[in-house]
Amino acid sequence: MDVDTRLLRSFAAVAQHGNLTRAAERIFVSQPALTKQIRQLEALVGVPLFTRSRGGMALTEAGLALAERVPGLLDTWDGARREARAAADRAERVLRVGFLGSGADEATPRIVAEFGRRRPGWRVRMRQASWADPSAGLADGEVAVALVLLPFPGQERWQVRVLFTEPRWIALPQAHRLADREEIAFAELWDDPFVAAPAESGGWRDFWLGTDEREGAPVRVGAVTELPDDWLSAIANGDGVALAPASAARFYARPGVVYRPLTGVSPCQVGVAWPPSGDADPAVRDFVHSCAALFSGGGQPA
């Protein structure tokens, strides 16, 4: 019997959290998809792994036995996969770097250039991730290091270095009632529909909806998007407004969309993140040092 490691990851997440919603956020999948995966695994194993109740998901005796073995199996597989990819990348002199949005903004090409200076003959292969995966490819092992928007769910699993801080602004349809304002209070937008990231992005989605800064006011979701082009289209079409890093006004200018500074919301941060195993990888270390070399204390490019 062959078992997809995805099913084991889903099982491990539910076993750890005892709750489908929290587990789904942890591994960046939707709750219905997670429920389906648990049922698939139970069908493969042939016994129930959880007892379901209003209080959550409790492991059965069979589930407890499996839960003891799964973390080690996954760690072994993840380590083997990362080592294989790292060996292939070393042979090709390639470093795979994930990023969200505009990465580290204008500093991104300077970081890549500094990495090239430190490691002559190496290339950086950039991979843009969808907003369904705030880890920018780290979670599924697709990249060795990533430029990420902080905070993101599960970031305690990774080594993270903050590079800079920038304000959160609001992106509005050009015809919006507040589009002519020079500055807008966040509270004035609480009744507006918002363009949101997929539900599986969990707390990252909540951060970009300003959930914790609404004083209990509910969020209205007008559209859900995963990629910048779809996000811009939804805003331009009037499906909703959206929080965005201030740099989006430079990198994602589009007819029909305007950006305005906000009051009443905290800033966001851009950081570089990598797996703990990356501390032993000279290429990953050089990329992190290349990032650090361009930013100083207050997070401004050097």
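To be clear, the structure that these remarks concern was listed above.
Residues numbered from 1 in each chain as written. Predicted model: local features only at pLDDT ≥ 70, side-chain atom pairs only at ≥ 80, totals over all residues. Heavy atoms only, no water.

Undergrad: I keep staring at the side chain of D286 and nothing clicks. Help me out?
TA: Here D286 is to be found in helix α9 (residues 282-293). Dropping the residues within four chain positions of it, D286 is found in contact with F115, R118 and R119. (Helix = DSSP H or I, 4+ residues; strand = E, 2+ residues; numbered from the N terminus. Contact = heavy atoms within 4.5 Å.)

Undergrad: Quick question: what am I supposed to make of the nonpolar core here?
TA: Nonpolar side chains tend toward joint burial in soluble globular proteins. Counting 71 residues, the largest nonpolar core has L95, V145, I170, W231, V272 and F287 as the members making the most contacts within it. Setting aside chain neighbours within four positions, we find L95 in contact with F115, W122, R123, V124, R125, A144, V145, A283, V284 and F287. Within the second largest apolar cluster, 17 residues are counted, among which are V29, L49, V70 and L74. (Core = buried A, V, L, I, M, F, W, Y, C linked by side-chain atoms within 4.5 Å. Buried < 20%, exposed > 50% of the residue type's maximum accessible area, 1.4 Å probe, protein only.)

Undergrad: Even after reading the chapter, I still don't get the pattern of salt bridges, so can you show me in this structure?
TA: Opposite charge on two side chains permits them to pair, given that their charged atoms come into close proximity. Within this structure, the stated rule accounts for 11 salt bridges. For the salt bridge of D4 with R6, the shortest nitrogen-to-oxygen distance reads 3.7 Å. For R168, the salt bridge is made with E213, and the minimal N-O distance between the two is 2.4 Å. One end of the pair, R168, is in strand β7 (residues 168-173); the other, E213, is in the loop between α6 (203-209) and β10 (220-224), and 45 residues separate them in sequence. Here the salt bridges share partners, and the residues they tie into one network are D105, E106 and R250. (Salt bridge = Lys/Arg side-chain N within 4 Å of Asp/Glu carboxyl O.)

Undergrad: I'm lost on the packing of aromatic side chains in this one. Help?
TA: Centre distance and the angle of the planes are the two values used to describe a pair of aromatic rings. A complete count under the given rule lists 9 aromatic pairs for this structure. Measuring from centroid to centroid gives 6.2 Å for F186 and W190, while their planes differ by 85°, and the two rings are edge-to-face. Since its relative accessible area comes to 1%, F186 is described here as buried. What makes W190 buried here is its relative accessible area of 17%. Ring plane angle 85° and centroid distance 5.3 Å describe the contact between F207 and W208, whose orientation is recorded as edge-to-face. Neither F207 nor W208 differs from the other in exposure class; each is buried. Put simply, the rings of F115, W122 and F287 touch in pairs and so form one group of aromatic residues. In this structure, R119 packs its charged tip against the face of W122, placed 4.8 Å from the ring centre. In this arrangement the basic side chain of R168 is found over the ring face of F207, its NZ or CZ atom lying 3.8 Å from the centre. (Phe/Tyr/Trp six-rings, centres within 6.5 Å; stacked < 30°, edge-to-face > 60°. Lys NZ or Arg CZ within 6 Å of the ring centre and 35° of its normal.)

Undergrad: I would appreciate a short explanation of the pairing of strand β4 (residues 123-128) in the present structure.
TA: Direction of pairing for strand β3 (residues 94-99) relative to β4: parallel, over a ladder of 6 bridges. The residue bridging F99 from the neighbouring strand is Q128, located in β4. At this point the chain moves from β3, through helix α5 (residues 108-118), to the parallel β4, and the crossover so formed is right-handed. (Pairing = 2+ DSSP bridges. Right-handed = clockwise from strand over helix to strand, strands pointing away.)

Undergrad: Which parts of the structure should I look at to understand unusual backbone geometry?
TA: Among all residues save glycine, negative phi is the norm, and among peptide bonds the norm is trans. Note the cis peptide between L150 and P151, where omega equals 0°. Take P151: it is sitting in the loop between β5 (145-150) and β6 (159-166). Although it is not a glycine, D105 sits at a positive phi angle of roughly 60°. Of note, D105 is situated in the loop between β3 and α5. Judged by relative accessible area, which is 7%, D105 ranks as buried. The backbone of A136 shows a phi angle near 60°, a positive value even though the residue is not glycine. Inspection of the secondary structure assignment puts A136 in the loop between β4 and β5.

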